[in-house]
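# Structural overview for review
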Amino acid sequence: MQARTSRSFLSRPGRRTARQRGFTLMELLVVLAILGLLMSLVGPQVLNQLGGAKTKTARIQIRDLEQALEMYKLDVGRYPSTNEGLEALVRRPGTASGWNGPYLKSSVPQDPWKRDYHYRYPGENAEVDIFTYGQDGAPGGDGEDADVANWQQ
């Protein structure tokens, strides 16, 4: 009689058995290379969109502040002074008779770069000026560093 041999001895060299399932180093390296290539192509586009989103958010917030200022003007008869600032939209200034606020749901928002919006009345570029200096916090600039203001389109 022949002795019984285990299945692993009968399998061909290089062929995996049920217990040896998994990925080879070469398969893992190929997958990592593909992922790296995809990230190098897609990553910059995602970062550009993120930056553009902050500028768009600033434009929307400025538009909302303008609308709140219009409501303030309808009630009080004038815009808040530069000294009263945008805080007049959430807290009644002492000189504002007819104030029927708050005109914002919460506090005055900060710009997407975590700085306060600038406000001037009377404005130099429009009746009221509401603006932010962008990512760099300095006047002028391009791209994400560009100023965002209510008088710009």
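Here's what I pulled together on the structure shown here. The structure displayed is predicted, hence computed values, not measured ones.

## Side note on the pattern of salt bridges
One pass over the full model with this rule turns up five salt bridges. Residue glutamate 127 is joined to lysine 73 by a salt bridge in which the shortest nitrogen-to-oxygen separation is 3.4 Å. Here glutamate 127 is found in the loop between strand 1 (118-120) and strand 2 (129-132), whereas its partner lysine 73 is found in helix 2 (residues 25-76), with 54 residues between them in sequence. On the basis of relative accessible area, glutamate 127 is assigned to the partly exposed category, the value being 45%. As a salt-bridge pair, arginine 120 and aspartate 129 come within 3.2 Å of each other at their nearest N and O atoms. According to the relative accessible area criterion, aspartate 129 is buried, its value standing at 0%. In the salt-bridge network here, residues are joined through shared partners; they are Arg120, Glu124 and Asp129.

## Comments concerning the sheet that holds strand 2
Read across the open sheet, the three strands follow the order 1-2-3; overall the sheet is antiparallel. If you trace the sheet from one side to the other, it starts and ends with strand 1 and strand 3 (148-149), each paired once. Two elements, strand 2 and strand 3, share two bridges in a ladder whose sense is antiparallel. Bridge assignment links threonine 132 to a residue of strand 3, and that residue is valine 148.

## With respect to a nonpolar patch on the surface
A contiguous nonpolar patch, built from Leu25, Met26, Leu29, Val30, Val31, Leu32, Ile34, Leu35 and Leu38 and spanning about 890 Å² of accessible area, is present on the exposed surface. Topologically, methionine 26 is positioned in helix 2. Residue classification places methionine 26 among the exposed positions, given a relative accessible area of 59%.

## Digging into unusual backbone geometry
With omega at 5°, the peptide bond leading from glycine 101 into proline 102 counts as cis. Relative to the elements of secondary structure, proline 102 occurs in the loop between helix 2 and strand 1. Each neighbour pair has its own omega, and for tyrosine 121 with proline 122 the value is 0°, a cis peptide bond. Looking at where proline 122 falls in the secondary structure, it is placed in the loop between strand 1 and strand 2. Positive phi values are uncommon outside glycine, yet lysine 114 reaches one of about 65°. With respect to the element layout, lysine 114 can be found in the loop between helix 2 and strand 1.

Each value, and the rule that gives it
Residues numbered from 1 in each chain as written. Predicted model: local features only at pLDDT ≥ 70, side-chain atom pairs only at ≥ 80, totals over all residues. Heavy atoms only, no water. Salt bridge = Lys/Arg side-chain N within 4 Å of Asp/Glu carboxyl O. Helix = DSSP H or I, 4+ residues; strand = E, 2+ residues; numbered from the N terminus. Buried < 20%, exposed > 50% of the residue type's maximum accessible area, 1.4 Å probe, protein only. Pairing = 2+ DSSP bridges. Patch = residues over 30% accessible without salt bridge, like charges linked within 9 Å, V, L, I, M, F, W, Y side chains within 5 Å. Areas by Shrake-Rupley, 256 points an atom, 1.4 Å probe, with all protein chains shown as cover.

Spatial relationships are all this shows, so hold off on functional conclusions.
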